[in-house]
Amino acid sequence: MTTTPVEADWDRAPSVLEGARTLELTTGDCNLPYWLRHVAGTMLRRLSDGSVPDVGPTAAVRTPGPLRDAIVDEFTFRHLAEEKAARALSFLVFHAPGTDDLEFFSTQLIDEARHARIFREHLLRVGLDAAEIEAEVARTAATTAAAVLDPLEEFGLQVLRDQGDFYGGVLVLTVLVEGVLAPAAELSERKWAPLDPAAALVERGANMDEIRHLAVGSSVVRRHLMEHPEERPRLLEIVTEGRRLWEKLPMQEVLFRRESLFQEGLAEHGDLIGDYEIWPGRRLVDTGIQERMEAAARWSQETQDTRLAYMLLSDAAR
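Residues numbered from 1 in each chain as written. Predicted model: local features only at pLDDT ≥ 70, side-chain atom pairs only at ≥ 80, totals over all residues. Heavy atoms only, no water.

(A) Expanded view of unusual backbone geometry. Of note, leucine 312 is a non-glycine position whose phi angle comes to about 70 degrees, a positive value. The residue leucine 312 is located in the segment after helix H12 (289-310) in this model. (Helix = DSSP H or I, 4+ residues; strand = E, 2+ residues; numbered from the N terminus.)

What follows is the structure, given as structure tokens:
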């Protein structure tokens, strides 16, 4: 009997934050046979056979109001972010220098495309019809995505598409996409658990994938720099430039609007949450907008700094 590795086990997989600190995986560890056996064959099968319970959204989220507005705002954004990541990954697959690299990034492309679908499909479960989803995705694409995701995508495509830079592209996706968005998804998983367990389950599954993507992507860069230390200044400049770009993007405004809607919902439906703790010793109903945003920002910084140090690029964390 094949033992499921911890990162692909629903019951044992670490959080994004813990996985970023401790998990070490390579493309050789997570090649195509790994993905077929442990992701498609085990992790996802447990969803399809019902052994990972899915109780669906509560009525508070299905009913028009601030909670549903918050989940719609978040999941349309996540849908577009994952879709853009999948498209960008096609260039990594094209430029992959070895078989294990090609296989791993092919599976990551499938993972991101699958995430885009499940975030979109969850909006049907909270009561939107297909036409409403199309309209919400178009609105998000024209506003939030245009302000945040499009500049990030263009930066990444300059490295991946225009320069054909495999290792620079891995670095951009690992630090500026996975390393920034994954900790925000950790917050999402925690805060939706008592109000929309199905949304939390969507986030949990996506986060399990992102832990693997973070670990493997950073190992690719680390291996390259150990073999080619002369590449370090060039890669350091890419990640420094990318982080400067992130600082200029209005992501905090996006999060503030989303958390404001969630806060309205907390005030209205706090009785459904009770003493549920978003982190040890802190009840969700007692948290505010700023506290949750500060936690997500702190987790993002810690995740990026940990992975940059592992990739021998700790200077970029300063």
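(B) Looking closely at the packing of helix H4 (residues 66-95) against helix H7 (residues 144-162). Taken N-terminus to C-terminus, the directions of H4 and H7 make an angle of 5 degrees; their axes are 11 Å apart at the nearest point. One way to sum up the angle between H4 and H7 is to call them roughly parallel. Taken together, the residues of H7 that come into contact with H4 (itself represented by Phe77, Leu80, Ala81, Lys84, Ala88, Phe91, Leu92 and His95) are Thr144, Ala145, Val148, Leu149, Asp150, Glu153, Leu157, Leu160 and Arg161. When the residues that make up the contact of H4 with H7 are grouped by side-chain class, the tally is 11 nonpolar, 2 polar and 4 charged. (Axes fitted to C-alpha atoms, helices over the stretch in contact; angles between N-to-C directions. Parallel < 35°, antiparallel > 145°, perpendicular 65-115°, else oblique. Contact = heavy atoms within 4.5 Å. Nonpolar A, V, L, I, M, F, W, Y, C, P; charged D, E, K, R; others polar.)

(C) Looking closely at the layout of surface pockets. Size it by volume and the largest pocket reaches roughly 520 Å³. Of the pockets and cavities examined, the second largest pocket occupies roughly 290 Å³. Together, 15 residues line the second largest pocket, and Leu47, Asp54, Ile118, Leu201 and Val202 are the ones closest to its centre. Put simply, the parts of the chain that give the lining of the second largest pocket at least two residues each are helix H2 (32-48), helix H5 (99-125) and helix H9 (197-227). Residue contributions to the lining of the second largest pocket peak at 5 residues, all from H5. (1 Å grid on protein atoms, 1.4 Å probe; cavity = no way out; pocket = protein on both sides within 12 Å on 5 of 7 lines; lining within 4 Å. Points joined across faces, edges and corners; volume = space filled by probe spheres on them.)

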